[in-house]
Amino acid sequence: MNNNFDIIVIGAGHAGCEAALATARMGLKTALFTINLDKIAEMSCNPAIGGLAKGQLVREIDALGGEMAKAADATCIQFKVLNSKKGPAVRGLRAQADKIEYSKYFKNLLKKQENLTLIESMVDEITTNDKGVTGIITSKNEKFSSRAVIVSTGTFLNGVIHIGLESFPGGRRDDPPSVNLSNSLKKLGLKLGRLKTGTNPRVDKNSLDFSKFIPQYGDEIPTPFSFTTEKIEIKQVICYLTRTNEKTNKVIIENLDRSPLYSKTNKKIFSIGPRYCPSIEDKVVKFPDKTSHQVFIEPEWRDSDELYLNGLSTSLPLDVQYAYLKTIPGFENVKIVKPGYGIEYDFVFPTQIFPTLEVKSIPGLYLAGQINGTSGYEEAAAQGLIAGINAAAKIKNMEPLILDRSQAYIGVMIDDLTTQGVSEPYRLFSSRAEYRLILRNDNADFRLIEYGKKYGLINDEFYSLYLRKKEFYENEIKRLNKTIIHPSKEIAEYLESLGTTPIKEPVSLLSIFKRPELSYNNLKFFIEIKNDVYQHFIDYLEAEVKYEGYIKKQNEEIEKFKKLETKKIPDDFDYYKFSGFSKEAQQKLSQIKPKTIGQASRIPGVTPADINVLIILLKKYDNQK
């Protein structure tokens, strides 16, 4: 094997797959290292893609030329739009995945990808010189050289698995941890911390009584993730819903001393777990007034006998897992196929990386995924794609891709990580985005496809589809505005049947369409409508028309935001050279080295007064130059 590569990616999870595909598609010779070629893009936890805010991430990955959306459309087995009755800004695409087919999809894609080599080996060390990264060394003492390295190791860095008070090394169930690589990162001067996450028991479908559960069906017409998927034509599976009860709580409380998290005599877990995806023992302890909690019963793959119990993440002992499960109606004879477990792992404090995801102190070293303190497949995949694009762009002397908070949820996430850091596993929510009406599912292509095209990740077919969507929108706006509707008895009756008031004078059909009660499909009462377009064409048109005033206001806010956001801070700016800053601001600004005034303003401990000082000093700095 030729051991010389342009880029090496460590870890073939959701971040690593997107990173390796991006760099290879950008024409760079890439090696993707994994400890197990049979677990590429493995869904170690919940077998699902998307959700609130996460669905937007998947659409953004698609618009930039990534693969997650296409993989989901090809392999998922139940599709839903969450918050479908609410406004478009908070709707979330979600799909239950076939974890086996999803992994196969990525493995086959990676194997066929030009410029990409898959290597099954444990990476122990990252090598550097005074200019930055030079390559890696494996556990077999094989040396590989590269111009950039992307680390996307998930929960494998110094991973320790906990099942009750039993603990043992592991990066994931049945896979060893990466200990030496963690030590290598520390030797390179990076500050590491510990986080905790967990997964849920898997149970045998044949041991449950489904008559005691509530069926949960997918949408009658599934909504695809990828803009290029015209429609989903699959047989959807049924999921189920049940709830824990007071008996469940009682079993858990009585066994807390056997929990590695809550034991008073033999506590094993000291790191912080995900606030928004707590274990069942966390829920019982932290919310004592709640007598029950939801449990979604979801298949791991199509026709699977193995079911995932979403909502019951745990690190309690196996016998306690059996005891509390048996308190839930329908689980009286439950058989656990795989117990839930907790896992602790090392991560790198993400204030040590640039918004490009490159380590500030080590040129050519990029970090993506849970190593940056995030949780979730979608957050990881988005970071992998950005790290891959930027690593390749640097080698090719192209401008880096840095998305700001007004452009993408990806920009929100990376800005949060690099300016504020993390003290617990980070999860993206729509509430984190100031401009979420702009960052919708339906317009991710309008926001980001030009970037994907610039870096060579969007093919002509996809770009042509985007141009068709743009043309559809512009033509429909003109047509609806020109179409004048006159009052009549028939029109009055029709509008009243939709729950809206009749018109009293001639108005454009566009103004009628702005009413929330009317959908695009309702317009066929007045004129012929387009039935041969993708649904996301219509979704975009409806959102832009119905929320026009709010969108205009948010765009005005973005313009104000960009005045601060686009004002660059030189990399060599010395905050200790000038008076006027608070001591805390000097320390934080010097440590994080924000790229812009906008980024500086979001650093905890930096006050508006500090920002005013910074603006004045930058003006002087510019004049001196």
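The residue count restarts for each chain, going from 1 along the sequence in the order it is written. Selection of residues for local features in this predicted model requires a pLDDT of at least 70, selection of side-chain atom pairs for listing and counting requires 80 or more, and totals for whole chains, interfaces and linings are taken over all residues. The side-chain quantities take in all heavy atoms of the structure and omit both hydrogens and water.

Participant: Just give me the short version of the overall build of the protein, but keep the residues and values in it.
Facilitator: A tally of helices and strands in the protein yields 19 helices and 23 strands. This radius of gyration counts C-alpha atoms alone. The globule rule is 2.2 Å times how many residues there are, raised to the power 0.38. A compact globule built from 625 residues should have a C-alpha radius of gyration of about 25 Å, and the protein, at 26 Å, falls within 12% of that. A principal-axis box enclosing the C-alpha atoms of the protein has dimensions of 80 × 75 × 50 Å. Counting across all 625 residues of the protein, residues that qualify as buried make up 59%. Helix numbers and strand numbers start at the N terminus; a helix is a DSSP run of H or I with at least 4 residues, a strand a run of E with at least 2. Residue exposure (1.4 Å probe, protein chains only): buried if accessible area is under 20% of the type maximum, exposed if over 50%, otherwise partly exposed.

Participant: Summarise the packing of aromatic side chains; cite the residues concerned and give the values.
Facilitator: Pairing of aromatic rings covers Phe, Tyr and the six-membered ring of Trp, with a centre-to-centre limit of 6.5 Å; geometry is then stacked below 30 degrees between planes, edge-to-face above 60, and tilted otherwise. Per the stated rule, a full pass over the model turns up 27 aromatic pairs. Taken together, a centroid distance of 5.4 Å and an interplanar angle of 50° make the contact between F213 and F331 tilted. Taken as a pair, F213 in the loop between β14 (202–204) and β15 (214–216) and F331 in the loop between α8 (318–325) and β19 (336–338) lie far apart in primary sequence, 118 residues in all. Taking relative accessible area as the criterion, F213 reaches 6% and is therefore assigned buried. Overall, the relative accessible area of 0% leaves F331 in the buried class. Seen from their ring centres, Y494 and F525 are 4.0 Å apart, and the 5° between their planes marks the pair as stacked.

Participant: Go over the pairing of strand β16 (residues 239–243), please, and point to the residues and values.
Facilitator: Extensive coverage of β16 is indicated by the burial of 4 of its 5 residues. Strand direction decides the pairing type here: β15 and β16, joined by 3 bridges, are antiparallel. Looking across to β16, one finds that Q216 is bridged to C239. Note on pairing: two strands pair once DSSP finds at least 2 bridges between them. Two elements, β16 and strand β17 (residues 294–299), share 4 bridges in a ladder whose sense is antiparallel. Bridging across to β17, R243 finds its partner in Q294.

Participant: For the side chain of E424, give the residues involved together with the corresponding values.
Facilitator: Note on placement: E424 falls in the loop between α10 (409–420) and α11 (444–454). The exposure class assigned to E424 is buried, which follows from its relative accessible area of 16%. At 2.9 Å, the side chain of E424 and the side chain of R275 are in polar contact. Whether two residues touch is decided by their heavy atoms; if any such pair falls within 4.5 Å, the residues are in contact. Apart from the residues within four sequence positions on either side, E424 is in contact with L195, I272, G273, R275, Y276 and G373. For the purposes of these results, a polar contact is taken to be a pair of N or O atoms within 3.5 Å, where, inside protein, one atom must be able to donate a hydrogen and its partner to accept one; residues adjacent in sequence count only when each atom of the pair is a side-chain atom.

Participant: Give me the environment of L195: which residues, what numbers.
Facilitator: Looking at the secondary structure, you find L195 in strand β13 (residues 192–199). Distance from L195 to Q78, taken between C-alpha atoms, is 31 Å for residues 117 residues apart in sequence. Beyond its immediate sequence surroundings of up to four residues, L195 is in contact with S271, I272, I343, E344, Y345, F347, G373, S423, E424 and P425.

Participant: Help me get a handle on the environment of L367, residues and values and all.
Facilitator: One can find L367 in strand β21 (residues 365–367). Remark: the alpha-carbon pair of L367 and I232, spanning 135 residues in sequence, is separated by 34 Å. Aside from chain neighbours lying at most four places away, what touches L367 is V151, V348, I353, L357, V359 and N372.

Participant: Break down the side chain of S259 for me, with residues and values.
Facilitator: Mapping S259 onto the fold places it in the loop between α6 (246–254) and α7 (280–286). In terms of polar contacts, S259 uses its side chain to reach the backbone amide nitrogen of Y262, at 3.1 Å. Not counting chain neighbours up to four residues away, the residues in contact with S259 comprise L165, E281 and L316.

Participant: Help me get a handle on the sheet that holds strand β10 (residues 148–151), residues and values and all.
Facilitator: Pairing in this open sheet of 5 strands is parallel, and the strands run β6-β2-β1-β10-β21 from one edge to the other. Because the sheet does not close on itself, it has two edges, and the strands there are β6 (116–120) and β21. Averaged over neighbouring strand pairs, the angle between their axes works out to 20° when direction is ignored. Where helix α9 (residues 377–395) meets the sheet, its contacts fall on β1 (7–10), β10 and β21, and the angle it forms with β10 comes to roughly 175°. Here the axes come from fitting lines to C-alpha atoms, over the contacting stretch only for helices, and the angles between their N-to-C directions go from 0 to 180 degrees.

Participant: Residues and numbers for the sheet that holds strand β8 (residues 132–138), please.
Facilitator: With respect to topology, 3 strands assemble into an open sheet ordered β7-β8-β9, the strand pairing being antiparallel. A single partner strand is all that each edge strand has here, and the edge strands are β7 (123–129) and β9 (143–145). When the angles between neighbouring strand axes are averaged without regard to direction, this sheet yields 30°.

Participant: Now, about the pattern of salt bridges: what can you tell me, with residues and values included?
Facilitator: A pairing counts as a salt bridge when a side-chain nitrogen of Lys or Arg comes within 4 Å of a carboxyl oxygen of Asp or Glu. Counted according to the given criterion, the structure contains 34 salt bridges. The residue R147 makes a salt bridge to D6 at a minimum N-O spacing of 3.6 Å. Highlighted residues: R147 in the loop between β9 and β10 and D6 in the segment before β1, separated in sequence by 141 residues. Exposure remark for D6: the relative accessible area of 19% places this residue in the buried category. Across the salt bridge formed by D442 and R440, the nearest N and O atoms sit 2.8 Å from each other.

Participant: For the nonpolar core, give the residues involved together with the corresponding values.
Facilitator: By nonpolar core we mean a set of buried residues, namely Ala, Val, Leu, Ile, Met, Phe, Trp, Tyr and Cys, connected to one another through side-chain atoms within 4.5 Å. One finds I49, I126 and L365 to be the most contacted residues of the largest nonpolar core, which totals 115 residues. When residues in this core are grouped by element, the largest group, 12 residues, is from α9. Beyond its immediate sequence surroundings of up to four residues, I49 is in contact with M43, V58, M68, A72, C76, L93, R94, A95, Y102, F225, Y377 and E378. With 26 residues, the next largest nonpolar core counts L509, I512, I538 and L541 among its residues.

Participant: Would you mind going over helix α2 (residues 54–63) in detail, with residue names and values included?
Facilitator: Of all 10 residues making up α2, 10 are buried, and the element is well covered by its neighbours. Taken together, the buried positions of α2 are occupied by K54, G55, Q56, L57, V58, R59, E60, I61, D62 and A63. Once α2 ends, the next one or two residues include G65, with phi positive near 100°.

Participant: I'd like a description of the pairing of β10, backed by residues and values.
Facilitator: Along any regular strand the residues' side chains alternate between the sheet's two faces. Burial of the side chains of β10 extends over both faces: A148 and I150 are buried on one face and V149 and V151 on the other. Here β10 pairs with β21 via 3 bridges, running parallel. The residue of β21 that forms the bridge with V149 is L365.

Participant: Can you explain unusual backbone geometry? Please cite residues and give values.
Facilitator: If you check the backbone angles, N83 has positive phi at about 60° while not being a glycine. With respect to the element layout, N83 can be found in the loop between β4 (76–82) and β5 (92–97). The phi dihedral of D174 falls on the positive side, at around 70°, and the residue is not glycine. By the element assignment, D174 lies in the loop between β12 (166–169) and α5 (180–187). Residue D174 is classed as exposed on the basis of its relative accessible area of 68%.

Participant: Kindly report on the environment of K552, identifying the contributing residues and their values.
Facilitator: Tracing the sequence through the fold places K552 in helix α16 (residues 548–565). Overall, K552 belongs to the exposed group, its relative accessible area being 57%. Placed 114 residues apart in sequence, K552 and I438 show a C-alpha to C-alpha distance of 9.7 Å.

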